[in-house]
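Chain by chain, the residues run as shown.
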Amino acid sequence: MRQPSTPRQFLAVLGALALVTTLAACSATGTDTETKKPSGAPTATKSAEPEYFAPPADIEKSTVACTDGAAKVTQSNQDVTVPDCAKVTVVASNSVVHLGAVKDLVVTGSINDVAVKAVTTITVTGNGNRVTSDTAPKPEDDGEQNVFHKR
């Protein structure tokens, strides 16, 4: 059996070194400001300046009225504003939702970015939502990959 030539060995070592260098460059740097949580467990984090999603300029904007102390956000893929309201339910998905002061916030939709001025209780059953508020109540999180921030 013939031994591989020295140039072949050199190229194999050089290729392995390039692969290791590439993989090392892709590893986490540890500079995240947010603590990740196991799936299904709520995370309450406070970072100096959380990153917010900037909706596209051409996203449709709408307003939902608070009627008899309740409002329901059903507009998916929109930038939605709701004034102060006792109870707000977000059923929409993939929306940016701006809320005034809310006593009870319920999020059943998924992939929403909800900013609420003040909130007393938060219940989330959807997945992949972010809720940011000036207050920090302990959320009831029955979904997955939801994140909660205090401004």
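Here's a quick rundown of the structure.

Definitions and cut-offs
- Residues numbered from 1 in each chain as written.
- Predicted model: local features only at pLDDT ≥ 70, side-chain atom pairs only at ≥ 80, totals over all residues.
- Heavy atoms only, no water.
- Helix = DSSP H or I, 4+ residues; strand = E, 2+ residues; numbered from the N terminus.
- Buried < 20%, exposed > 50% of the residue type's maximum accessible area, 1.4 Å probe, protein only.
- Contact = heavy atoms within 4.5 Å.
- Areas by Shrake-Rupley, 256 points an atom, 1.4 Å probe, with all protein chains shown as cover.
- Pairing = 2+ DSSP bridges.
- Core = buried A, V, L, I, M, F, W, Y, C linked by side-chain atoms within 4.5 Å.
- Salt bridge = Lys/Arg side-chain N within 4 Å of Asp/Glu carboxyl O.
- Disulfide = S-S within 2.5 Å.
- Polar contact = N/O pair within 3.5 Å; in protein donor to acceptor, adjacent residues only side chain to side chain.

1. Things to note about the overall build of the chain
If you tally the helices and strands in the chain, you get 1 helix and 10 strands. Going from the N terminus to the C terminus, the chain shows its helices and strands as α-β-β-β-β-β-β-β-β-β-β. Counting every position in the chain, which comprises 151 residues, the buried fraction comes to 34%. Summarising the internal contacts of the chain: among those between residues at least 6 apart in sequence, 15% fall at separations of at least 24. Looking at the chain as shown, the accessible area adds up to about 9,500 Å², and 57% of this sits on carbon and sulfur atoms.

2. Concerning the pairing of strand 3 (residues 70–73)
Covered by surrounding structure in strand 3 are Ala71 and Val73 only, the residues Ala70 and Lys72 on the alternate face being uncovered. Direction of pairing for strand 3 relative to strand 5 (residues 85–90): parallel, over a ladder of 4 bridges. Counted as the bridge partner of Lys72 is Thr89 from strand 5.

3. Re the nonpolar core
Within the largest apolar cluster, 21 residues are counted, with the highest numbers of intra-cluster contacts made by Val73, Val82, Val88, Leu99 and Leu105. Where this core is concerned, the elements lending two or more residues are strand 3, strand 4 (79–82), strand 5, strand 6 (96–107) and strand 7 (113–124). Those residues in contact with Leu105 that lie beyond four places of it in its chain are Val88, Val90, Leu99, Val114, Val119, Thr121, Ile122, Thr123 and Val131.

4. Examining the side chain of Gln78
Turning to its location among the elements, Gln78 is positioned in the loop between strand 3 and strand 4. Those residues within four positions of Gln78 in sequence are excluded, and the remaining contacts are Ile59, Glu60, Lys61, Ser62, Asn94, Ser95 and Val96.

5. Observations concerning the pattern of salt bridges
Using the criterion set out here, one finds 4 salt bridges in the structure. Among the ionic pairs, Arg130 bridges to Asp113, the shortest N-O distance being 2.9 Å. One end of the pair, Arg130, is in strand 8 (residues 130–133); the other, Asp113, is in strand 7, with 17 residues separating them in the sequence. Asp113 sits in the buried class, given a relative accessible area of 9%. Among the salt bridges present, the one from Asp134 reaches Arg151, with a minimum N-O distance of 2.8 Å. Taken together, the residues Asp134 in the loop between strand 8 and strand 9 (140–141) and Arg151 in the segment after strand 10 (147–150) connect sequence positions 17 residues apart. Here the residues in one salt-bridge network are Lys117, Asp134 and Arg151, joined through shared partners.

6. Quick word on the state of the cysteines
Applying the stated criterion across every chain yields a total of 1 disulfide. Bridging Cys66 to Cys85, the disulfide has an S-S length of 2.0 Å. Disulfide Cys66 to Cys85: torsion about the S-S bond roughly 75°, handedness right-handed. Of this pair, Cys66 sits in the loop between strand 2 (61–63) and strand 3 while Cys85 sits in strand 5, and the two are 19 residues apart along the sequence.

7. Topic: the side chain of Asp141
By the element assignment, Asp141 lies in strand 9. Residue classification places Asp141 among the buried residues on the basis of a relative accessible area of 7%. A polar atom in the side chain of Asp141 sits 2.8 Å from the side chain of Asn146.

8. Structural notes on the environment of Asp84
When you line up the elements, Asp84 lands in the loop between strand 4 and strand 5. Note: C-alpha distance between Asp84 and Leu99 (15 residues apart in sequence) is 6.8 Å. Discounting chain neighbours no more than four positions away, the residues touching Asp84 are Cys66, Gly100 and Ala101.

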